[in-house]
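Now for the letters of each chain:
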Amino acid sequence: MLDATEVLLAFLLLGGVAAFLTRKSKSKRKSLRRKPFTRRRYARKSCWIKNTWRLRQTHGLYGKVLRTMRTDPKMFESYFRMTYDQFQLLLSMVKPHLTKESHRALNPGIRLAITLRYLASGMSQKDVALNFLVGFTTASNVIRETLGVLWHVLSPKYLPEPDTDMWLKTARLNMDRYQVPLCCGFVDGKHVKCRNLPHHGTQLFNYKKEYSLVLLAVCDANCKILAVDIGQYGSISDGGTLKNSEFGKKLFSGTLGMPGTTFLPDTQIPFEYYFIGDEAFPLHKHIQRPYGGKFLSFEKRVYNARLSRGRSSIERCFGIMCATWRILLNRIDGNESTIEGIIQACVTLHNFLIVEKQKNSQTERSSKRNHKSYNSVTEKENKSKKQYNTARDALKVWFNVINVIPWINMKVRQGKM
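What counts and how
Residues numbered from 1 in each chain as written. Predicted model: local features only at pLDDT ≥ 70, side-chain atom pairs only at ≥ 80, totals over all residues. Heavy atoms only, no water. Helix = DSSP H or I, 4+ residues; strand = E, 2+ residues; numbered from the N terminus. Pairing = 2+ DSSP bridges. Contact = heavy atoms within 4.5 Å. Axes fitted to C-alpha atoms, helices over the stretch in contact; angles between N-to-C directions. Polar contact = N/O pair within 3.5 Å; in protein donor to acceptor, adjacent residues only side chain to side chain. Core = buried A, V, L, I, M, F, W, Y, C linked by side-chain atoms within 4.5 Å. Buried < 20%, exposed > 50% of the residue type's maximum accessible area, 1.4 Å probe, protein only. Patch = residues over 30% accessible without salt bridge, like charges linked within 9 Å, V, L, I, M, F, W, Y side chains within 5 Å. Areas by Shrake-Rupley, 256 points an atom, 1.4 Å probe, with all protein chains shown as cover. Salt bridge = Lys/Arg side-chain N within 4 Å of Asp/Glu carboxyl O. pLDDT = per-residue confidence, 0-100.

Draft legend 1. Structural view of unusual backbone geometry. With phi around 65°, Lys209 is a residue other than glycine that occupies positive phi space. Turning to its location among the elements, Lys209 is positioned in the loop between strand 1 (183-193) and strand 2 (212-219). The phi dihedral of Cys223 falls on the positive side, at around 65°, and the residue is not glycine.

So this is what it looks like as structure tokens:
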């Protein structure tokens, strides 16, 4: 028999064990419950702006350039790729779109200067930010925003939608400069190097063993770009790029606004207005390309030399644009929209400089040829390849019989062209 003390101790022991188990089960149920959301606390900034960035107005590159290079036009032009007057004109055009209400925001002048220097030098955004004494994220956001503003503001004026009058004007200019009749422009593609974008696989891998996006452009004899298509993958050929582009779709469907069929000068041979491309482009009634092969007749070699002479404009156009905006020579790191924005800004700035230099030039090249108006004939749709070859042969005869350039024929005979 247990006495009263032992019974009391047993009850106390059982009660303690029961209380411990109950408390443990309650704590386990509480741990399974969803914890309430609490906002993460960030450390307070020690300063709103770094002391280094505070010296932007006195020690920054923008203040120094405007103070010292304003009196040296050549140095200013080599730094920003444009004269001081052209910089001020461009600034007046984009200033309404770059002005911010905050007193801490960068003024439109330094925003434009950062973007132009980034495009002209080919430096990284971090290096440009250190030169102008601005934050790294600030420089990235400023460049991205200014690129879009440049395309939005400049493209309607300096890269308008082509129409029939513009094609006719370009054809007269090309005839005066290169003696190629009814040519509305010169077309070619350029690969802009970039890093491989996510989820693209080998679509950007081109024949040069690099990743790139394609810039397809049409220019005139003055190296001014008339139409562009940006963003085709580097693995696609020039012919495929033209076919997939909006320009190519309008060209092949007949909705590009090309002039109607007319006659070759000084003949009664009906002919279509056309563009000149290299051997990578398909032969079409609106596209003329050189004869392929090695052992060609003298007439075909003359034809190829005349086309190559005109097609040098698009090569010089790309060369001038890349030499001016050197970011196109480097591999661009960024997403697809950023790369396209950089190319768009370079194209519009290229046209901006060409047009403004032509306006400011005192002596313009005068035309020594009389412009003749040719009677138009009705256009007939015939998409057979035989007809395209016949048109090319007719142009070959025109180059060799009707419009002969002796020095070109002499160089072809000597094997120099």
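More follows now that the structure is in view.
Draft legend 2. Spotlight on the sheet that holds strand 2. Taking strand neighbours across the sheet as the criterion, the 5 strands line up as 3-2-1-6-7 in an open arrangement whose pairing is mixed. Each edge of the open sheet carries a strand with a single partner, namely strand 3 (225-233) and strand 7 (287-288). Those strands touched by helix 13 (residues 336-360) are strand 1, strand 2 and strand 3, and its axis lies near 165° from that of strand 3.

Draft legend 3. Region of the structure containing the side chain of His284. Topologically, His284 is positioned in the loop between strand 6 (274-276) and strand 7. At 3.1 Å, the side chain of His284 and the backbone nitrogen of His286 are in polar contact.

Draft legend 4. View of the nonpolar core. Counting residues in each nonpolar core, the largest one holds 104 residues, and the members touching the most others are Leu90, Leu119, Phe275 and Trp325. If you tally residues by element for this core, the top one is helix 13, at 11 residues. Beyond its immediate sequence surroundings of up to four residues, Leu90 is in contact with Met82, Leu112, Leu116, Leu150, Leu154, Leu349 and Phe352.

Draft legend 5. Focus on a nonpolar patch on the surface. Together, Val397, Val401 and Ile402 line one region of the surface with nonpolar side chains, adding up to about 250 Å² of accessible area. Tracing the sequence through the fold places Val397 in helix 14 (residues 385-402). The exposure class of Val397 is partly exposed, given its relative accessible area of 41%.

Draft legend 6. The arrangement of the pairing of strand 1 in detail. Of all 11 residues that make up strand 1, 10 are buried, and the element is covered over most of its length. Bridge count between strand 1 and strand 6: 3 bridges; the pairing is parallel. From the neighbouring strand, Phe186 faces strand 6, where its bridge partner is Ile276. Where strand 1 lies against strand 2, 8 bridges are found, and the strand directions are antiparallel. Bridge pairing in strand 2 places Gly189 opposite Leu216.

Draft legend 7. Representation of the pairing of strand 3 in the model. Among the 9 residues in strand 3, 7 count as buried, and that is most of the element. Alignment of strand 2 against strand 3, held across 7 bridges, turns out to be antiparallel. Directly across from Ala217, in strand 3, lies its bridge partner Val228. Counted between consecutive antiparallel strands, the loop separating strand 2 from strand 3 contains 5 residues, among which Cys223 sits at a positive phi close to 65°.

Draft legend 8. Representation of the environment of Ile339 within the structure. Residue placement: Ile339 occurs in helix 13. A relative accessible area of 0% places Ile339 in the buried class. C-alpha separation for the pair Ile339 and Leu328, spaced 11 residues apart in sequence, amounts to 9.9 Å. Among residues more than four places away in sequence, those in contact with Ile339 are Cys194, Leu197, Leu213, Ile332 and Gly334.

Draft legend 9. Structural detail: the confidence of the model for the chain. On average, the chain scores 83 in pLDDT, and the residues at 70 or more come to 81%. Scored below 50 in pLDDT, residues 362-385 shows 28 contacts in the model against residues more than four places distant or in partner chains.

Draft legend 10. Fine view of the pattern of salt bridges. Counting across every chain of the model gives 6 salt bridges. The partner of Glu145 in a salt bridge is Arg111, with the nearest N and O atoms 3.4 Å apart. With Glu145 in helix 8 (residues 136-158) and Arg111 in helix 6 (residues 108-121), this pair connects stretches of sequence that are 34 residues apart. When its relative accessible area of 27% is taken as the criterion, Glu145 is described as partly exposed. The class for Arg111 is buried, based on a relative accessible area of 8%. Residue Arg311 pairs with Glu315 through a salt bridge whose shortest N-O separation is 3.3 Å. Here the residue Arg311 and the residue Glu315 both occupy positions in helix 12 (residues 298-324), the gap between them amounting to 4 residues, near one helical turn. A relative accessible area of 40% places Glu315 in the partly exposed class. Among the charged side chains, a network of salt bridges with common partners joins Lys100, Arg111 and Glu145.

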